[in-house]
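# Topology and contacts: notes
Read off the chains here:
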Amino acid sequence: MNGLLLPLATTNIEIGKHTTVTVGGMTFNVDTIISTFVAGAIVLILGFWARSALTKKNPSHVPTKIQLLWETIVGEVNKQVEDNLGRVHPFVVPLAVALFFFILIANWLELLPTEINHDLHLLPAPTADTNLTYAMAIMAMVGVWIYGIREKGARGYFRHFIEPFPVLLPLNILEELTKPITLALRLFGNIFAGGIMLALIGLIPFYASWLPNLVWKLFDMFIGGIQAFIFALLTVLYFGMAGAGHGEHEEHEADSHDNTPELAH
Amino acid sequence: MATQAIVAMESNFLVPNGTFFVELFAFAIMVWILAKFVIPPINKAMTARQEAIRQQFADLDQAKTEAHEAEEEFRSQIADARHEAARIREEAREQGAAIIAEMREQAQAEAQRIVEHAHTQIEADRKAAVTSLRNEVGTLATTLAGRIVGESLDDEARQSRVVDRFLADLDSTRTSGVN
């Protein structure tokens, strides 16, 4: 209703349009919330499926496929976290795993069509709504800041804003603010653009649209995977940077700050 | 004014609205559930499996080492047994040779003894024969000669002279005959 219209004269593709409900002066995008819950439910079902496979008595000790899937992801995340933070952190690992799985499933939700060659999808990707991407980015970054302050102490953490030179204070603050925004908008932009591409392809007559539709959806799956991976990886990297200070000068600080974690890079 | 502001915000999809809080809450819940119920058992299972594999490899290494040691011991025992067998064989051969040599020596000594004994016997017999001949031939001859001559040749001195001459003749004839 309030959506922007594309400058295509005869089409009625509306972008950024959501089914909304207003409660107590706050607007809620119902479609995003529903698809978030669907994606979240799928992730949790997969997770508990793996858990049940794990806790079941298995005399042959052969892992099931769902177990292997989770173990691969968790193992990779463990490795990344250990490389960047120096140890397997009990908050960072679940956060990164949740980010990866949830973003992946959420991105792929968009590929389900309502009907053949129609631009509408059964469920819009919740990641194509900035509300979700902002929420995930804020959560990740607040975690990063808390982790940084805990690792280095409040003084130690805030001191790196004036390092290597106090002149760089505005840049350092800006960088810290840019991190969540870029995290959120990178994911949003990619998935949102994917939705628009699907809508545009939907405009092609049905006898010709199946090929671009097929190609684009395959590519969109790839993009969805890449974006999920990037979001999770960058979150882990930000944690690593917050714990270690910037660049190479953490080596000098290691002497004065004995609580500086050992660094992998 | 306020209504206008809300409408303006709603129109911009880059500006978050109330959905943000729902999403934040939902995502936080999901992270918490995963952190509480899903990730730990997966980590535990992975650690356990890694440990089990490491253990199996360690066991394998140990078993291999033990097998090597056992093989080594077996080999050395075999070699020892071979040496022992060779030694025993050698010893037996030496003993056999010694026994044979000893037996041969004994046999030779026995043979020697028997031969010597035989020689002695023969010598004694010969002497006895000579003595008996010397005694009896004289008597016999004189008796015979006495019968032929009809004269008693009982005279000791004559008898022995005759016998001696006879024997001397006999000896000389035999000697010349042999020669």
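Remember, it's a predicted structure, so these values are computed and weren't measured experimentally. (Residues numbered from 1 in each chain as written. Chains lettered and ligands numbered in written order. Predicted model: local features only at pLDDT ≥ 70, side-chain atom pairs only at ≥ 80, totals over all residues. Heavy atoms only, no water.)

### Description of the overall build of chain B
Counting its regular elements, chain B contains three helices and zero strands. Ordered by position from the N terminus, the helices and strands of chain B form the series α-α-α. A total of 179 residues make up chain B; the buried ones form 13% of that total. (Helix = DSSP H or I, 4+ residues; strand = E, 2+ residues; numbered from the N terminus. Buried < 20%, exposed > 50% of the residue type's maximum accessible area, 1.4 Å probe, protein only.)

### A short note on a nonpolar patch on the surface
Residue and element names in this part refer to chain A. A cluster of nonpolar side chains, Trp108, Trp210, Leu211, Leu214, Val215, Leu218 and Met221, forms an exposed patch at the surface whose accessible area comes to about 690 Å². In terms of residues, the nonpolar patch owes the most to one element, helix H6 (residues 206-244), which gives six residues. Along the polypeptide, Val215 turns up in helix H6. For Val215, a relative accessible area of 49% gives the class partly exposed. (Patch = residues over 30% accessible without salt bridge, like charges linked within 9 Å, V, L, I, M, F, W, Y side chains within 5 Å. Areas by Shrake-Rupley, 256 points an atom, 1.4 Å probe, with all protein chains shown as cover. Salt bridge = Lys/Arg side-chain N within 4 Å of Asp/Glu carboxyl O.)

### Examining the nonpolar core
Core analysis: the biggest nonpolar cluster contains 69 residues, and Trp70 and Met136 of chain A together with Phe27 of chain B have the highest contact counts within it. If one sorts the elements of this core by residue count, helix H3 (residues 92-109) of chain A sits on top with 15 residues. (Core = buried A, V, L, I, M, F, W, Y, C linked by side-chain atoms within 4.5 Å.)

### As for the packing of aromatic side chains
The full count for this structure, using the stated rule, is 14 aromatic pairs over all chains. Relative to Phe101 of chain A, the ring of Phe100 of chain A has its centre 6.0 Å away and its plane inclined at 80 degrees; by these criteria the two rings are edge-to-face. Summarising the burial analysis for this pair, Phe100 of chain A and Phe101 of chain A share the class buried. Relative to Phe21 of chain B, the ring of Phe20 of chain B has its centre 5.3 Å away and its plane inclined at 85 degrees; by these criteria the two rings are edge-to-face. Each residue in the set Phe48 of chain A together with Trp32 and Phe37 of chain B is aromatic and connected to the rest through ring pairs, giving one cluster. (Phe/Tyr/Trp six-rings, centres within 6.5 Å; stacked < 30°, edge-to-face > 60°.)

### Quick look at the packing of helix H1 (residues 30-55) of chain A against H3 of chain A
Residues and elements named next belong to chain A. Across the interface, H1 lies against H3 with an axial gap of 9 Å and an inter-helix angle of 130 degrees. In terms of orientation, H1 lies oblique with respect to H3. Viewed along their axes, H1 and H3 form a crossing whose handedness is right-handed. For the pair H1 and H3, the contacting residues are Ser35, Thr36, Val38, Ala39, Gly40, Ile42, Val43 and Leu46 in the first and Phe101, Phe102, Ile105, Ala106 and Leu109 in the second. Taken together, the residues that form the contact of H1 with H3 break down as ten nonpolar, three polar and no charged. (Axes fitted to C-alpha atoms, helices over the stretch in contact; angles between N-to-C directions. Parallel < 35°, antiparallel > 145°, perpendicular 65-115°, else oblique. Left-handed = near helix turned anticlockwise from the far one by under 90°. Contact = heavy atoms within 4.5 Å. Nonpolar A, V, L, I, M, F, W, Y, C, P; charged D, E, K, R; others polar.)

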